[in-house]
Amino acid sequence: RSEMMPDKMESRIFRWFLTVAGFGAVFGGLMSIFKRTHRYPRSANILKSSIPTGRSIYRFVALDLDGTTLNTKHQLSKRNIAAIRSMVEKGVGVAIATGRSMSGIYEHLETLQLPYPIPVLCLNGALALKGTCDGKTQPLFTDPVPKDLVSQVVSLGQETGDMIQFYVDDKVYALPLNEEHQVLMKRYQVLTGHPQTQLRDVKELKSIGQPAKILLLTNDADGLMEKAKNRFGNKLHLVRGSPEPFFVEFLQKGVCKGTGLLKLCQVEKIDPSSIVAFGDGDNDMEFLQNAGFGIAMKNAREVTKDKADMVLPYTNDQDGVGRQIEDMLSEGSLVGCDNLDNGHSLEVSKRTEFEHKTAMMK
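Residues numbered from 1 in each chain as written. Predicted model: local features only at pLDDT ≥ 70, side-chain atom pairs only at ≥ 80, totals over all residues. Heavy atoms only, no water.

Draft legend 1. Local environment of the packing of helix H3 (residues 78–89) against helix H12 (residues 320–331). Contact pair H3 / H12: the axes reach a minimum separation of 8 Å and the direction vectors enclose 35 degrees. Along this stretch, H3 crosses H12, giving a crossing that reads as left-handed. Across the interface between the two elements, Arg79, Asn80, Ala83, Ile84, Ser86 and Met87 from H3 touch Val321, Gly322, Arg323, Ile325, Glu326 and Leu329 from H12. Within the contact of H3 with H12, the residues separate by chemical class into 6 nonpolar, 3 polar and 3 charged. (Axes fitted to C-alpha atoms, helices over the stretch in contact; angles between N-to-C directions. Helix = DSSP H or I, 4+ residues; strand = E, 2+ residues; numbered from the N terminus. Left-handed = near helix turned anticlockwise from the far one by under 90°. Contact = heavy atoms within 4.5 Å. Nonpolar A, V, L, I, M, F, W, Y, C, P; charged D, E, K, R; others polar.)

Draft legend 2. A look at the confidence of the model for the protein. With 78% of its residues at a pLDDT of 70 or more, the protein shows a mean pLDDT of 83. Every residue in residues 1–5 scores below 50 in pLDDT, and together they form 0 contacts with partners more than four places removed in sequence or on other chains. Counted against residues more than four places away or in other chains, residues 31–54, with its pLDDT under 50, gives 49 contacts. (pLDDT = per-residue confidence, 0-100.)

Draft legend 3. Representation of the sheet that holds strand S2 (residues 93–97) within the structure. Here 8 strands make up an open sheet; going across it, the order is S5-S4-S3-S2-S1-S12-S13-S14 and the pairing mixed. In this open sheet, the two strands that pair with only one neighbour each are strand S5 (137–142) and strand S14 (310–311). Relative to S5, strand S4 (residues 127–131) is paired through 5 bridges, and the arrangement is antiparallel. Within S5, the position partnered with Ala128 by the bridge is Phe141. Here helix H9 (residues 257–268) sits on the sheet and contacts strand S1 (60–63), S2, strand S3 (118–122), S4, S5 and strand S12 (275–279); the angle it forms with S5, its principal contact strand, is near 120 degrees. (Pairing = 2+ DSSP bridges.)

Draft legend 4. Fine view of the pattern of salt bridges. Taken as a whole and judged by the stated rule, the model has 13 salt bridges. The shortest N-O distance in the salt bridge between Glu268 and Lys130 comes to 3.1 Å. One end of the pair, Glu268, is in helix H9; the other, Lys130, is in strand S4, and 138 residues separate them in sequence. Take Glu268: its relative accessible area is 6%, and that puts it in the buried class. A relative accessible area of 14% places Lys130 in the buried class. Here Lys263 makes a salt bridge to Asp143, at a shortest N to O gap of 3.2 Å. Separated by 120 residues along the polypeptide, Lys263 in helix H9 and Asp143 in the loop between S5 and helix H5 (147–160) bring together distant segments of the chain. A relative accessible area of 25% means that Lys263 is categorised as partly exposed. Taking relative accessible area as the criterion, Asp143 reaches 18% and is therefore assigned buried. Residues participating in the shared-partner salt-bridge network are Asp64, Lys257 and Asp284. (Salt bridge = Lys/Arg side-chain N within 4 Å of Asp/Glu carboxyl O. Buried < 20%, exposed > 50% of the residue type's maximum accessible area, 1.4 Å probe, protein only.)

Draft legend 5. Representation of the side chain of Asp280 within the structure. Take Asp280: it is sitting in the loop between S12 and helix H10 (285–290). Look at Asp280: it is buried, it has no salt bridge, and the nearest opposite charge is Lys257 at 6.3 Å. There is a polar contact of 3.0 Å between the side chain of Asp280 and the side chain of Thr68. Not counting chain neighbours up to four residues away, the residues in contact with Asp280 comprise Asp64, Asp66, Gly67, Thr68, Ser242, Pro243, Met297, Asn299, Ala300, Arg301 and Thr304. (Lys, Arg positive; Asp, Glu negative; His and termini not counted. Polar contact = N/O pair within 3.5 Å; in protein donor to acceptor, adjacent residues only side chain to side chain.)

Draft legend 6. Fine view of the nonpolar core. Of all hydrophobic cores here, the largest spans 55 residues; its most connected members are Met87, Phe278, Ile325 and Leu334. The greatest single-element share of this core, amounting to 5 residues, is contributed by H3. Leaving out residues up to four positions away in the same chain, Phe278 has contacts with Val61, Ala62, Leu63, Asp64, Thr68, Phe287, Leu288, Ile295, Leu312, Val321, Gln324 and Ile325. Core analysis: the next-biggest nonpolar cluster, separate from the first, contains 24 residues, Val145, Leu149, Phe232 and Phe250 among them. (Core = buried A, V, L, I, M, F, W, Y, C linked by side-chain atoms within 4.5 Å.)

Draft legend 7. The packing of aromatic side chains, seen in detail. What the rule picks out here adds up to 5 aromatic pairs. Between Tyr188 and Phe247, the ring centres sit 5.3 Å apart and the planes meet at 90 degrees, which makes this aromatic pair edge-to-face. Separated by 59 residues along the polypeptide, Tyr188 in helix H6 (residues 179–192) and Phe247 in strand S11 (residues 247–252) bring together distant segments of the chain. Each member of the pair, Tyr188 as well as Phe247, carries the same accessibility label: buried. Each residue in the set Tyr188, Phe246 and Phe247 is aromatic and connected to the rest through ring pairs, giving one cluster. In this structure, Lys213 packs its charged tip against the face of Tyr167, placed 4.6 Å from the ring centre. A cation sits over an aromatic face here: Lys257 above Phe287, 5.3 Å from the ring centre. (Phe/Tyr/Trp six-rings, centres within 6.5 Å; stacked < 30°, edge-to-face > 60°. Lys NZ or Arg CZ within 6 Å of the ring centre and 35° of its normal.)

So this is what it looks like as structure tokens:
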């Protein structure tokens, strides 16, 4: 019997070890899931609440449209409209940040019926304006594609046989040369609501002015993206279409929603660390990173979720934006600002952090 004791002891130790190891694996898995869906801000320098709860306070919301604030029918839901109006009534600032031109945004400003002009970042950061619900706009800044590169993008479109679009001010110009182009143009019209002016030839296209953004509409977005990378390297900022990948966007180098957001903050005196940003697409990665708190939708691309501070358990068809705004208003992490400039601009309260982020933008 004494000879069997060590074997029994070893058996008990082994079973204990397996139990502890199993518990550790389960706990580790649960923590991984928790971190995936409940991420916290990257920086400890986020604007903190004066309320002794330790919770961060945000005073401004920046909203992507397609795939985020709009549902798959490209409409604002009643819940999202109500949540946005509610936070504005409480003094929270709001801005729109989208790849669309201004012509594809007017209808949504009219639907929201907000009481003052709001900043609108268009064309993935290449153009910014203030827009009102009655269609009036005030330009803030623009960063067009360099003239020498405009011709090169047009040449690429001619070589690949893809349809070319120019974005100049708040207008969209298209060059459909065949039936396939017409189908792509209509598909883009359905996606964005952009009215497009059809042109006859490349000569007419080049005569309309320097575009802030160029699109090539294609049935092979990934293939076109590779060709564009090989052709331009880092001379231009390239964006794969989102949420439906049937086009590639060409922007000036360094221009994206993220840098556009920082430039908008500089112009409008908004503290970037006070902003909550919502997005879903490839073009939202820098946008979410440069905000104080970046939130990705459940339907977001995986690469975008990886850049976010939080991934929502709701899609754009489940009122994800409205639900999150309601929760943040309720818990006190999204509040109005006492020192709003004309009702919609937040004074910079953390100059050192702002200058650091602006320097990174250059």
